[in-house]
Amino acid sequence: MDDSTIAAVATPPGPGAISIIRLSGSRALPIAAAVFRPPGGTFTASKFFESHRLYYGHVVDPKGGRVLDEVLLSVMRGPRSYTREDVVEINAHGGHHAARAILELVVREGARLSEPGEFTRRAFLNGRIDLTQAEAVCEVILARSQRSLAASVALLAGNLRLKLQKIQDVINEIRVVLEAGIDFPEDVPETVDSAALRGRISVDVIDPLQLLIRNYIDGRTIREGLAVTIMGRPNVGKSSLMNQLLEKERSIVTALPGTTRDVVQDSTSIEGVVFYLRDTAGLHQSPDPVESIGMAKTQESADEADLVILVVEAHLPIKAEDIRIYEMIGSKSRIVVMNKIDLWTGSGDGAGLPSIWRESRCLPISALTGAGIENLRAELYRTAVGGVAETSGFLIPNLRQKGLMERCLSAASAAVEDLARNAAPELVAVNVALASDCLGEILGTHAKDDLLDGIFSRFCIGK
Ligand code: GDP
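The sections below set out a description of the structure shown in this document. Keep in mind that this is a model prediction, so the values were computed, not measured.

So, on to the overall build of the protein chain. The helix and strand inventory of the protein chain stands at 14 helices and 13 strands. Per-residue burial for the protein chain yields a buried fraction of 49% across its 463 residues. When the accessible area of the protein chain is evaluated, it comes to approximately 21400 Å², of which 55% is carbon and sulfur surface.

Right under this line is the structure:
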């Protein structure tokens, strides 16, 4: 284990009220003592720093006595600290220069600049948190919505770790039973009760894993947001709808067909879930090469979307072009929006839709007056959260974790099949061991350096 003392500015660059310079490692306290001068003028010996106390004073260059800043210095002696090592945080005045000067000084006094995520990596390597919690730290920082923050906080609390450890305990118990059968077959004749083991694996390993993988699918849009493409022929009101959903003037709205030539993107939040909206170019055959590029992008954007909103005009019959666009959507999840309902003079919700469109959800709206927009927002939200009623505390694995859960699941299923056909315990044990290793990789007990490098490189410096 690296015994260097690391340092970083933990706050974002730029002007602000406070900058925090963070130190962690065996030399954090001596370095702090060398640069910190309390009121009264003498430097403090590191042994006099009490843990979990805040000290007022100045950071002073011991060579020459230049005062760098007036600060509050906090001391957290290990193991009661973020990294479990001695940690010192220097609260300096905000702005780049004071923080930079203090960082340079502590580096001169023996610290080294930290790598991205290195404080959290140390917290993980020192056993304060497992890998699911370390990953959650990053997810809390990068959370794109209130809902994804709530989901990340549940991971940070260690709830996924507890669930996986419970599954792993069962796997390990089964492993012990199988291995006893292999090592001492004559002493433990009835050890491998195949039906009981199969039942145990199904109920305590396969079922909870399937539930967590389902959570990934149901919760992915809560975590990552939903990509929504707005499609429709020119002038049906796509840009107006985009502006209504964004509640601002973003796309250019004009009465001339084909003015939204490129794909316009922006995001909005509905009930704490992020929607990435794309307004596409007019989807009609055009001799204008710029528009043709726009149409190719529209198809691309439809292909990449999680959901398509198809806009048609409520007061006019469906045109061949609407049908052509409908066909471009393919099997994607979609909502048909009948816009310009304010121009509809007949009874009901607008002109009839072709019978083949019936399975699509269909909402009458007016992007001009705002009628029906709240309904549409509610429908978008329902599509995003699906069956997830309450998201706080809902455990949503990330892609890496889900991949390993799937590998664990297939190893556990293979073990059940082996048991069902009375395969040798050695063979069953191989799959059971594989299942256990997959969970170990999620929790970080089996994590290799390059995996950790990949995970922590996504962090910011100072975290
Ligand atoms: P796009 O080409 O599909 O993006 O359509 P725009 O959003 O640029 O709208 C084309 C024209 O239709 C503009 O003049 C809009 O003001 C108008 N428009 C859009 N939505 C409505 C609506 O619900 N009712 C009425 N009456 N006009 C609308």
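Below, the discussion takes up helix H11 (residues 373–385). Taking 1.5 Å as the rise per residue, H11 with 13 residues should run 18 Å; its terminal C-alpha atoms sit 19 Å apart, in good agreement. Within H11, burial applies to Ile373, Leu376, Arg377, Glu379, Leu380, Tyr381, Ala384 and Val385. Directly after H11, the chain includes glycine 386, whose backbone phi takes a positive value near 55°.

This paragraph deals with unusual backbone geometry. Note the cis peptide between glycine 78 and proline 79, where omega equals 5°. With respect to the helices and strands, proline 79 occurs in the loop between strand S5 (67–76) and strand S6 (87–93). With a phi close to 75°, arginine 84 is a non-glycine residue in the positive phi region. Along the chain, arginine 84 falls in the loop between S5 and S6. Even without a glycine there, the phi angle at asparagine 235 is positive, about 75°. Along the chain, asparagine 235 falls in the loop between strand S8 (226–231) and helix H8 (238–246).

Cut-offs and rules
Residues numbered from 1 in each chain as written. Predicted model: local features only at pLDDT ≥ 70, side-chain atom pairs only at ≥ 80, totals over all residues. Heavy atoms only, no water. Helix = DSSP H or I, 4+ residues; strand = E, 2+ residues; numbered from the N terminus. Buried < 20%, exposed > 50% of the residue type's maximum accessible area, 1.4 Å probe, protein only. Areas by Shrake-Rupley, 256 points an atom, 1.4 Å probe, with all protein chains shown as cover. Expected span 1.5 Å × (residues − 1).

Keep in mind these values describe shape, not function.
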